[in-house]
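Chain by chain, the residues run as shown.
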Amino acid sequence: MTGPLFSRRRVLAAGGLGATSLALSGCDDLGSNETFHDTILTGGERLAYRVQRFLAGDRLAPEYSEAEKSPFFRTNGNNQIAAPDYRRHIADGFANWRLDVSGLVEAPRGFSLDELRAMPARTQITRHDCVEGWSAIGGWTGVPLAALLKEVKVKPAARFVVFRCADQFGGINYYESIDLIDAFHPQTILAYAMNGETLPEGHGAPLRLRVERQLGYKQAKFIMRIELVSVLSGIGGGKGGFWEDVADYEWYAGG
Ligand SMILES: Nc1nc2c(c(=O)[nH]1)N[C@H]1C(S)=C(S)[C@@H](COP(=O)(O)O)O[C@H]1N2
Ligand SMILES: [Mo]
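Each chain has its residues counted from 1, running along the sequence as written. Chain letters start at A and ligand numbers start at 1, both assigned in the order the entries are written. Confidence filtering applies because this is a predicted model: local features only for residues at pLDDT of at least 70, side-chain atom pairs given and counted only at 80 or more, and all residues used for totals across whole chains, interfaces and linings. Excluded from the side-chain calculations are hydrogens and water; all other atoms, namely the structure's heavy atoms, are used.

A. Summary view of the site of ligand 1. By nearness alone, 22 residues border ligand 1, and R74, N76, D167, H203 and K221 come closest of all. With respect to ligand 1, the backbone of R74 contributes an N or O atom lying 2.8 Å from an oxygen atom. Identification of polar contacts relies on pairs of N or O atoms within 3.5 Å, with a donor-acceptor requirement for protein atoms, meaning one able to donate a hydrogen and the other able to accept it, and with residues adjacent in sequence counted only if both atoms are side-chain atoms. A distance of 2.7 Å is found between a nitrogen atom of ligand 1 and a side-chain nitrogen or oxygen belonging to D167. Residue burial considers only the protein chains on display, and all accessible areas are found by Shrake-Rupley using a 1.4 Å probe. Burial of ligand 1 by the protein chains amounts to 99% of its free accessible area of 540 Å². Elements represented by at least two residues in the shell around ligand 1 include exactly β3 (122–130) and β5 (160–169). Numbered from the N terminus, helices here are DSSP runs of H or I no shorter than four residues, and strands are runs of E no shorter than two. Residue contributions to the shell around ligand 1 peak at 3 residues, all from β5. Note on residue categories: nonpolar means Ala, Val, Leu, Ile, Met, Phe, Trp, Tyr, Cys or Pro, charged means Asp, Glu, Lys or Arg, and polar means any other residue, Gly included. Among the residues forming the shell around ligand 1, the class breakdown is 9 nonpolar, 9 polar and 4 charged. Here a residue is considered near a molecule or strand provided that any single heavy atom belonging to it is located within 4 Å of it.

B. Geometry of the layout of surface pockets. Here a cavity is any set of points on a 1 Å grid over the protein atoms alone where a 1.4 Å probe fits but cannot get out, and a pocket is any open set with protein on both sides within 12 Å along at least 5 of 7 lines; a residue lines the site when it has an atom within 4 Å of a point. Grid points are joined across faces, edges and corners, and a volume is the space filled by probe spheres set on the points. The computed volume of the largest pocket comes to approximately 330 Å³. In terms of lining residues, the largest pocket is bounded by 25 residues, among which N76, G77, Y174, G216 and Y217 are the most central. Those elements that provide at least two residues to the lining of the largest pocket are β3, β5 and β9 (208–210). Residues of the lining of the largest pocket, tallied by class, amount to 11 nonpolar, 8 polar and 6 charged.

C. Quick peek at the sheet that holds β5. At least two DSSP bridges between two strands are needed for those strands to be called paired. On the basis of which strands lie adjacent, the open sheet formed by 5 strands has the order β2-β1-β10-β5-β6 and mixed pairing. One side of each edge strand has no neighbouring strand; the edge strands of this open sheet are β2 (109–111) and β6 (172–179). In this sheet, neighbouring strand axes are inclined to one another by 25° on average, regardless of whether the strands run parallel or antiparallel. Sheet topology note: the β5/strand β10 (residues 223–229) ladder contains 6 bridges and is antiparallel. Each residue of the ladder has a partner; that of R164, found in β10, is R225. Docked against the sheet, helix α7 (residues 145–152) engages β1 (99–103), β2, β5, β6 and β10, running at close to 145° with respect to β2. Where helices are involved, their axes are fitted lines through C-alpha atoms of the stretch in contact, as for all axes, and angles between N-to-C directions lie from 0 to 180°. Residues are treated as being in contact if the distance between any of their heavy atoms lies within 4.5 Å.

D. Layout of the pattern of salt bridges. Any carboxyl oxygen of Asp or Glu within 4 Å of a side-chain nitrogen of Lys or Arg constitutes a salt bridge here. Under the defined criterion, the tally for this structure stands at 17 salt bridges. Linking R225 and E227 is a salt bridge whose minimum nitrogen-to-oxygen distance equals 3.4 Å. Between buried and exposed lies partly exposed: a residue is buried under 20% and exposed over 50% of the maximum accessible area for its type, with that area taken using a 1.4 Å probe on protein chains only. Since its relative accessible area comes to 33%, R225 is described here as partly exposed. Here E227 falls in the buried class, since its relative accessible area comes to 16%. A single network of salt bridges, built from pairs that share partners, joins R53, D179, D182 and R213.

E. Representation of the environment of K69 within the structure. Secondary-structure assignment places K69 in the loop between α4 (43–56) and α5 (84–91). Residues K69 and R127 lie 58 residues apart in sequence; the distance between their C-alpha atoms is 8.7 Å.

F. Geometry of the packing of aromatic side chains. Classification of ring pairs uses Phe, Tyr and Trp, with its six-membered ring standing for Trp, and accepts pairs whose centres are within 6.5 Å; under 30 degrees between planes counts as stacked, over 60 as edge-to-face, and the remaining range as tilted. Here the structure, examined in full by the defined rule, presents 16 aromatic pairs. Note on Y174 and F242: the rings are 5.7 Å apart at their centroids and 35° apart in plane angle, and the pair reads as tilted. Residue Y174 is located in strand β6, and its partner F242 is located in helix α9 (residues 242–247); the two are separated by 68 residues in the primary sequence. Pair check on accessibility: Y174 and F242 agree, each one buried. Here a set of aromatic residues connected by ring pairs shows up, and it is made of F169, Y174, Y175, Y217, F242, W243 and Y249. Note on criteria: charge over ring means Lys NZ or Arg CZ within 6 Å of the ring centre, with the direction from the centre no more than 35 degrees off the ring normal. Lying across the ring of F111, R109 places its NZ or CZ 3.8 Å from the centre.

G. Region of interest: the pairing of β1. In the sheet, β1 pairs with β2 via 3 bridges, with the strands oriented antiparallel. Note that in β2 the partner of D100 across the bridge is G110. Counted between consecutive antiparallel strands, the loop separating β1 from β2 contains 5 residues. Relative to β10, β1 runs parallel, the two sharing 4 bridges.

None of the figures reported here should be taken as evidence of function without further support.
Have a look at this one:
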């Protein structure tokens, strides 16, 4: 045999598995030493994230029928907001509210609720699982996050979507983040309706995230602002979400 036994091309060509997991794991960026996965996650967490991400692939979360909906879907975490700005918005049906989309995008802009409602919508009946030990099946309608991101044109350097919320715990506004794999997943929507009705305050009016393959605390409610970023180290305590920062919850809360 001539030529190097393990040329890069030969190794990549040897199996789709290797090539795919490389693409998913962000190994192409290892040299930059500034990605979240490589600076924030420990070795074990990083491996778990990569394995889970590889297994998750394009898999859809299970969807349910109308008959399977829970008769009662509790609220959790904050379910009322005292802030005067928010009270003004809810009083006028969020007529002057805008979802602000900024950061690493070509065309930052605000979206009114009417504009979001006018975009193609997706409805899905899914199961919400909270780490505190309860689950509920509910129906959600909203605009696919992918459609919104296409409008604002995500810049190549962007790797994460950060959600900024109106509510606070101890003076800190709730925040969460997901990677672009989940951001462009077809079941990831910004929901403005629940079980066929306008999203109630307790469940996150006017807009809440549904990222169906992950746990309850990732489903950010009361979203006011979305930011595209390349790293999560500058967000809050640096672990990508409120509970991740204050209680060490896992940032990737999916199976
Ligand atoms: N902004 C915000 N989002 C949030 C929370 C919160 O307190 N504030 N709680 C999280 C948790 S732990 C869960 S289980 C779900 C609860 O959603 P629900 O109130 O619609 O049941 O919202 C998540 N998103
Ligand atoms: Mo939760």
